[in-house]
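Commentary on secondary and tertiary structure
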Amino acid sequence: MSGIKMKRLSNNRIIVNGCSFTNGNFGTGSQTWADNLREEFSSDKNILFENIGWKGNSNDVIIPQTLEHIKNLNTDDNIIVIIQLTALDRIVVDGKQSPTVTSFLKSLNWMNWAMSQNESVDSWWQDYFINEYSEEKHINSLLNHLLNFQNEIKNYDNVQYKIFCGWDIFTQNTGKSSMWDLKTKYNNINDQLVTNLYESSQKLFDKLDLEKFWFFNNENIHYGGLSQWVQYNVDNEHWYRNVNTNPVDYHPSDYAHERFADKVMIPMVMDMIKNGGK
């Protein structure tokens, strides 16, 4: 890092947001890619680092919260934002965050990639899921949040950003390949996007600036996330945090997070620092 010549407005401020794939909360000594990123730049006093992610988060929180955080900074710092999208596990309605959607709705075949376990569903959420919820509304909520973020952030010349997924959330679950197998690598290359299910969703998806996203892609994967990168770049004994628990802890291992940070996130952020502004 010492060899980088940085273009500074004032300081370089790195902001990351996401779920447990970013914040962790796994106990003393455990680290995520974000912790490794923080450590990489910790010796440079002109680089400020903020991790505002949280375990069990929702995209309905992550995306607008990040935008609001940027707006409240009121600074001319060079701001670098990394947003990690989580599963379409939880939604927010009237300021309330739901239990995992599949705790109540068991037939969402397009969305079986959630990592979360069943949670208690009170009467308010039962009523919502029965009378108001729809898959189309669920998908479009994510896409509208993303579009709003991308449109709003254009007003900030000092902000650069990348968005990535903790794991594949954009393709339909066909049942042909398991994302969480202990030894066999996931393959979704022939699977359609969830946005293809609804015309309104596809129209919204087509408006996204995908150049601002990082996806893991190869001959077997499209629209992949951190977990897919890990399966194709790390030996399978290091894919997950703990395969001996019940249920298995499918979060990436500390080693997997470290490798992802070293190979993907640190180089990405270094390039953004070099660029300075948009």
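Residues numbered from 1 in each chain as written. Predicted model: local features only at pLDDT ≥ 70, side-chain atom pairs only at ≥ 80, totals over all residues. Heavy atoms only, no water.

1. Some thoughts on the overall build of the protein chain
Scanning the protein chain for helices and strands turns up eight helices and seven strands. The 278 residues of the protein chain split such that 53% are buried. Long-range contacts, defined here as pairs at least 24 residues apart, represent 74% of the contacts in the protein chain between residues at least 6 apart. For the protein chain, the computed accessible surface area is about 12900 Å², with 43% contributed by carbon and sulfur atoms. (Helix = DSSP H or I, 4+ residues; strand = E, 2+ residues; numbered from the N terminus. Buried < 20%, exposed > 50% of the residue type's maximum accessible area, 1.4 Å probe, protein only. Contact = heavy atoms within 4.5 Å. Areas by Shrake-Rupley, 256 points an atom, 1.4 Å probe, with all protein chains shown as cover.)

2. Side note on helix 8 (residues 254-275)
Between its first and last C-alpha atoms helix 8 spans 30 Å; for 22 residues at 1.5 Å apiece the expected length is 32 Å, and the two agree. Gly-276 lies just past helix 8 and shows a positive phi near 60°. (Expected span 1.5 Å × (residues − 1).)

3. So, the environment of Val-121
Tracing the sequence through the fold places Val-121 in the loop between strand 5 (96-97) and helix 4 (123-131). Given a relative accessible area of 17%, Val-121 falls into the buried group. For Val-121 and Thr-100, which are 21 residues apart along the polypeptide, the C-alpha to C-alpha distance reads 8.6 Å. For Val-121, the contacting residues outside a window of four places in its chain are Pro-99, Ser-103, Phe-104, Gln-126 and Phe-129.

4. Side note on the sheet that holds strand 6 (residues 159-165)
Reading across from one edge, 2-1-3-6-7 is the order of the five strands in this open sheet, with parallel pairing throughout. Each edge of the sheet is formed by a strand with only one pairing partner; in this case those strands are strand 2 (47-51) and strand 7 (213-214). The pairing of strand 6 with strand 7 spans two bridges and is classified as parallel. From the neighbouring strand, Phe-164 faces strand 7, where its bridge partner is Trp-214. (Pairing = 2+ DSSP bridges.)

5. Topic: the packing of aromatic side chains
Scanning all chains against the criterion turns up 23 aromatic pairs. A centroid spacing of 5.4 Å and a plane angle of 80° characterise the contact between Trp-33 and Phe-164, whose relative ring orientation is edge-to-face. With a gap of 131 residues between them, Trp-33 in helix 2 (residues 33-40) and Phe-164 in strand 6 connect regions that are remote in the sequence. Through a chain of ring-to-ring contacts, three or more aromatic side chains come together here, namely Phe-21, Trp-167, Trp-180, Trp-239, Tyr-240 and Tyr-250. Between Lys-212 and the ring centre of Tyr-161, over which it is positioned, the NZ or CZ distance is 5.4 Å. (Phe/Tyr/Trp six-rings, centres within 6.5 Å; stacked < 30°, edge-to-face > 60°. Lys NZ or Arg CZ within 6 Å of the ring centre and 35° of its normal.)

6. Some details on the environment of Gly-18
Of note, Gly-18 is situated in the loop between strand 1 (12-17) and helix 1 (20-23). Assessed through its relative accessible area of 0%, Gly-18 is described here as buried. The spacing of Gly-18 and Ile-82 is 64 residues in sequence and 8.7 Å in space, taken between C-alpha atoms. In contact with Gly-18, not counting residues within four places along its chain, are Gly-53, Trp-54, Asn-57, Ile-62 and Gln-84.

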